[in-house]
Amino acid sequence: MEKLEILEKIFGHNAFRTFQEDAVDAIVEGRDLLMILPTGGGKSLCYQLPSLLMDGVTVVVSPLIALMQDQVRGLSENGIEARTIHSDMSEEERQVVFMELKRGIVKLLYVAPERLSSMNFIEFLTTLKINFFVIDEAHCVSEWGHEFRADYRKLGLLKEYFPKSTIAAFTATATPKVAEDIQKALRLENPVSLRGSVFRNNLKVSSEKRISNGRTQLINFLNKHKNQAGIVYTFTRKEAEQTAAFLQSKNFSAYAYHARIEASEKEKIYQDFLFDRIDIVVATIAFGMGIDKSNIRFVAHTSLPKTIENFYQEIGRAGRDGLDSETLLLYTKGDEIQKRELMNNIDSEEYKEVLYEKLQKMYHFALSSSCKHKLLGVYFGDKVEVCETKCGSCLKDPVAQLDVTKAAQQFLSGIYRVGQKFGQNHVIDLLRGSKSEKLLNFEHDKLSVYGIGNDRSKNEWGMIADRLFELELVGVGEHRALKLTQKAKEVLKGTLKVWIDEDKVGKGVKIVKDEEDNEPKNELFESFRTLRREIATEFDIPAYIVFSDKTLVDLSKKLPQNREEMLDVHGIGEVKFERYGEKFLDLSLELKKDLS
Ligand code: ADP
């Protein structure tokens, strides 16, 4: 078969997406490849398709067992011989795969990077006909990235053991510096370099300052996504547990997932999520990389992630099927300070500085009222136009600006009066004339600024403090003590004014009622979804592997009436049609009859 035929018949797609064909061609021509394409861009196909065009087996290095299993399952569904060898398999199971490899029936072999450190395994590989190597999640190679793995670094040796073979490296997130590092570490030779746009046009990205514990904001967000699948990321395990319990009390089907949960329980939650039996997973970052579920409709963060790379990858798990999805980031200045403190015990000063800088950029991203997509573009070295309609900043009505110079002067004086040795809460307590023990112990109630700002709530002062950070009038020193910057003097002298969005001061958040038009799926979709769930349970595979949400949407739109029309539906190729086509076709005929 030729490439377009394979694309259609085996993968069920009628056209290549941006860069896919270039990537396929590069591999087939034996060129090394570095492809940087956002999550959901369709990277897997770029190596799976050439593998079918070429003789021999493709070795895919992937960081997580769950991820490998998922890929193997998906490929098998399309009738492709894929296997994995990993540490959770028994010796017998592994031997079976070794035999199959020797017999040459395997097209794609998924392994973890550790396996390629074993000389025995390398020697075994040299006896096979390998067409090319794939390094998935290649950013793990780079120390400048965010998920550095020492075993990935050693993959540079592949070029020594297999000097003639092609290496194709893939990642969703790489700054130009990380991309350069990947190329060097893997010793890619004059690679074809394909960088897709960072812009994910089906993702709406928003950030909001967290008010109190952020629960009202979270519920408002989740109410817009009833009965849809999504992930809520929390910072700590305890928070994951508490948030899940809270959401359950509000009738959401939400479960906590983190490193301390027993393996069997974790597996159950993971499977239930894949199979659409639960809607929401409330997780620490322990849940993520392995998630290949295409119909995740939303991702929320309850606090600031450590890097924009992490953030981008996590939000990227939403909307892999290309349908509209939404993300919300809740943050405070306190998050940044807390995470910075946790980095203090890192030995390498240089590495610590890299992390501090990444954290600071993350905070500025959250805080900024510029287009979020454009900001992501700037960070990853890609030119992205202002989105106008796909982010919280662009969708926000223009907000009147309020002159808060006087309040800013009060706040800055407060910092100065306590010797630049105290944190934000203390300064706010001072301005509001609090009788806290700490304040009285230090006799700060005797200072001239004591109580001069008691006309503003704590919350408002927090907003003003944030604005001062954003404008770099204030910095943080040891033990979270606030410090004045050079620029702060200009505000104190009255030569620089401070403005703030009017809606940032003096308002809380209100519960928003569910909106009807936020129920995007119709009855037809639900009928197909029910059938998909039944089939998934019957065959014991995740629902989205049967058919993606996009396929169901297309089915509901087209209501195909015969085999030809079925094959015209997004994501239905011949193999899939053989497996499940009849059942869906029957339902489609029935639904059409009901409509007429
Ligand atoms: P990535 O690895 O880049 O995150 P995937 O390979 O998981 O992305 O693909 C994301 C989704 O896009 C999958 O549901 C896949 O079936 C779909 N997809 C890939 N290529 C195409 C294509 N050419 N046309 C339509 N859908 C595609």
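Residues numbered from 1 in each chain as written. Predicted model: local features only at pLDDT ≥ 70, side-chain atom pairs only at ≥ 80, totals over all residues. Heavy atoms only, no water.

Asker: Provide a residue-level description of the overall build of the protein chain, including the pertinent values.
Answerer: For the protein chain, the helix and strand inventory stands at 27 helices and 17 strands. Expected size for 596 residues packed as a compact globule is a radius of gyration near 25 Å; at 27 Å, the protein chain falls within 12% of this value. By principal-axis analysis of the C-alpha atoms, the protein chain measures approximately 85 × 65 × 45 Å. Buried positions account for 54% of the 596 residues belonging to the protein chain. In the protein chain, the proportion of contacts linking residues at least 24 apart, taken out of those at least 6 apart, comes to 72%. (Helix = DSSP H or I, 4+ residues; strand = E, 2+ residues; numbered from the N terminus. Rg over C-alpha atoms; globule rule 2.2 N^0.38 Å. Buried < 20%, exposed > 50% of the residue type's maximum accessible area, 1.4 Å probe, protein only. Contact = heavy atoms within 4.5 Å.)

Asker: Before we move on, can you summarise the sheet that holds strand 6 (residues 166-171) with the specific residues and values?
Answerer: Each strand in a sheet pairs with its neighbour through backbone hydrogen bonds, running either in the same direction (parallel) or in the opposite one (antiparallel). Strand order in the open sheet made by the seven strands is 3-4-2-5-6-1-7, with parallel pairing throughout. Bordering the open sheet on either side are strand 3 (82-85) and strand 7 (192-195), each of which pairs with just one other strand. Between one strand and the next, the sheet's axes are offset by a mean angle of 15 degrees, whatever the strand orientation. The sheet contact formed by strand 1 (residues 33-36) and strand 6 spans four bridges and is parallel. By the bridge assignment, Ile-36 is partnered in strand 6 with Thr-171. Contacting strand 1, strand 6 and strand 7, helix 9 (residues 176-185) runs over the sheet at an angle of about 155 degrees to strand 1. (Pairing = 2+ DSSP bridges. Axes fitted to C-alpha atoms, helices over the stretch in contact; angles between N-to-C directions.)

Asker: An account of empty space enclosed by the protein is needed here, citing residue identities and associated values.
Answerer: Summed over the entire model, instances satisfying the criterion amount to two cavities of 30 Å³ or more. Here the largest cavity is characterised by a volume of approximately 50 Å³. Lining the largest cavity, in full, are Ile-36, Leu-37, Pro-38, Ala-172, Thr-173, Ala-174, Arg-195, Gly-196, Ser-197, Val-198, Tyr-312 and Phe-380. Taken together, Asn-227, Gln-228, Ala-229, Asp-276, Ile-278, Asp-279 and Arg-529 make up the lining of the second largest cavity. (1 Å grid on protein atoms, 1.4 Å probe; cavity = no way out; pocket = protein on both sides within 12 Å on 5 of 7 lines; lining within 4 Å. Points joined across faces, edges and corners; volume = space filled by probe spheres on them.)

Asker: Describe the packing of aromatic side chains, with residues and values.
Answerer: Under the counting rule described, the total for this entry stands at 15 aromatic pairs. When the centroid spacing of 5.1 Å and the interplanar angle of 90 degrees are considered together, the rings of Tyr-379 and Phe-380 count as edge-to-face. As far as burial versus exposure is concerned, Tyr-379 and Phe-380 are alike and both buried. An angle of 75 degrees between the planes, with centres 4.8 Å apart, marks the rings of Phe-547 and Phe-584 as edge-to-face. (Phe/Tyr/Trp six-rings, centres within 6.5 Å; stacked < 30°, edge-to-face > 60°.)

Asker: I'd like a description of the side chain of Lys-293, backed by residues and values.
Answerer: Among the structural elements, Lys-293 can be located in the loop between strand 11 (280-283) and strand 12 (296-301). A polar atom in the side chain of Lys-293 sits 2.8 Å from the backbone oxygen of Phe-273. Setting aside residues up to four positions removed in sequence, Lys-293 forms contacts with Ala-229, Phe-273, Leu-274, Asp-276, Arg-317, Arg-320 and Tyr-544. (Polar contact = N/O pair within 3.5 Å; in protein donor to acceptor, adjacent residues only side chain to side chain.)

Asker: Residue-level account of the sheet that holds strand 9 (residues 229-233), with values.
Answerer: Reading across from one edge, 8-13-12-9-11-10 is the order of the six strands in this open sheet, with parallel pairing throughout. Because the sheet does not close on itself, it has two edges, and the strands there are strand 8 (203-209) and strand 10 (254-257). For this sheet the average axis-to-axis angle between neighbouring strands, irrespective of direction, equals 15 degrees. Examined bridge by bridge, strand 8 and strand 13 (residues 325-331) share seven bridges and lie parallel to one another. Residue Leu-203 lies in a different strand from strand 13, and its bridge partner there is Ser-325. Of the strands in this sheet, strand 9, strand 10, strand 11 and strand 12 are in contact with helix 12 (residues 263-274), which crosses strand 10 at around 135 degrees. Lying over the sheet, helix 15 (residues 349-367) contacts strand 8 and strand 13, oriented at roughly 110 degrees with respect to strand 13.

Asker: Go over helix 5 (residues 91-102) with me, naming the residues and quoting the values.
Answerer: Between its terminal C-alpha atoms helix 5 stretches 16 Å, which fits the 16 Å expected from twelve residues at 1.5 Å a residue. Taken together, the buried positions of helix 5 are occupied by Arg-94, Val-97, Phe-98, Glu-100 and Leu-101. Angularly, the buried residues of helix 5 cover 165 degrees about the axis, an arc narrow enough to put them on a single face. In helix 5, those exposed residues whose orientation departs by more than 90 degrees from the buried face are Glu-92 and Lys-102. Structurally, helix 5 contributes buried residues whose contacts are with strand 2 (57-61), strand 3, strand 4 (108-111) and helix 6 (119-126). Just beyond helix 5, the residue with positive phi is Gly-104, at close to 75 degrees. (Expected span 1.5 Å × (residues − 1). Arc of directions from axis to C-beta.)

Asker: Can you explain the packing of helix 19 (residues 424-431) against helix 21 (residues 458-470)? Please cite residues and give values.
Answerer: Where helix 19 meets helix 21, the closest approach of the two axes is 10 Å, and the angle between their N-to-C directions is 125 degrees. In terms of axis orientation, helix 19 runs oblique to helix 21. The handedness of the crossing between helix 19 and helix 21 is right-handed. For the pair helix 19 and helix 21, the contacting residues are Gln-424, Ile-428, Asp-429 and Leu-431 in the first and Lys-458, Trp-461, Gly-462, Ala-465 and Phe-469 in the second. Grouping the amino acids of the contact of helix 19 with helix 21 by side-chain chemistry returns five nonpolar, two polar and two charged. (Parallel < 35°, antiparallel > 145°, perpendicular 65-115°, else oblique. Left-handed = near helix turned anticlockwise from the far one by under 90°. Nonpolar A, V, L, I, M, F, W, Y, C, P; charged D, E, K, R; others polar.)

Asker: Got a sec to walk through the site of the ligand? Specific residues and values, please.
Answerer: In the vicinity of the ligand, 14 residues are found, and the nearest of them are Ala-15, Gly-40, Lys-43, Ser-44 and Arg-320. In the model, a nitrogen atom of the ligand is placed 2.9 Å from a nitrogen or oxygen of the Gln-20 side chain. Gly-41 is positioned such that a nitrogen or oxygen atom in its backbone is 3.4 Å from an oxygen atom of the ligand. Here the residues of the shell around the ligand sort into three nonpolar, eight polar and three charged. (Near = heavy atom within 4 Å.)

Asker: Lay out the pairing of strand 1 in plain terms, naming residues and giving numbers.
Answerer: In strand 1, alternate side chains face the same way, and those of Leu-33 and Met-35 on one face and Leu-34 and Ile-36 on the other are all buried. Pairing geometry for strand 1 and strand 7, over four bridges, is parallel. Across the sheet, residue Leu-34 finds its bridge partner in strand 7, namely Ser-193.

Asker: Break down the environment of Val-418 for me, citing the residues and quoting the values.
Answerer: Relative to the elements of secondary structure, Val-418 occurs in the loop between helix 18 (405-417) and helix 19. Once the C-alpha coordinates of Val-418 and Lys-374 are considered, the two residues, 44 residues apart in sequence, prove to be 40 Å apart. When neighbours within four sequence positions are excluded, Val-418 is seen to be in contact with His-426, Val-427, Leu-430, His-444 and Leu-447.

Asker: I'd like a rundown of the packing of helix 4 (residues 65-77) against helix 12, residues and numbers included.
Answerer: Closest axis-to-axis distance for the helix 4/helix 12 pair is 14 Å, and the angle between their directions is 35 degrees. The handedness of the crossing between helix 4 and helix 12 is right-handed. Along its contact with helix 4, which presents Ala-66, Asp-70 and Arg-73, the element helix 12 presents Tyr-270, Gln-271 and Leu-274. Residues of the contact of helix 4 with helix 12, tallied by class, amount to three nonpolar, one polar and two charged.

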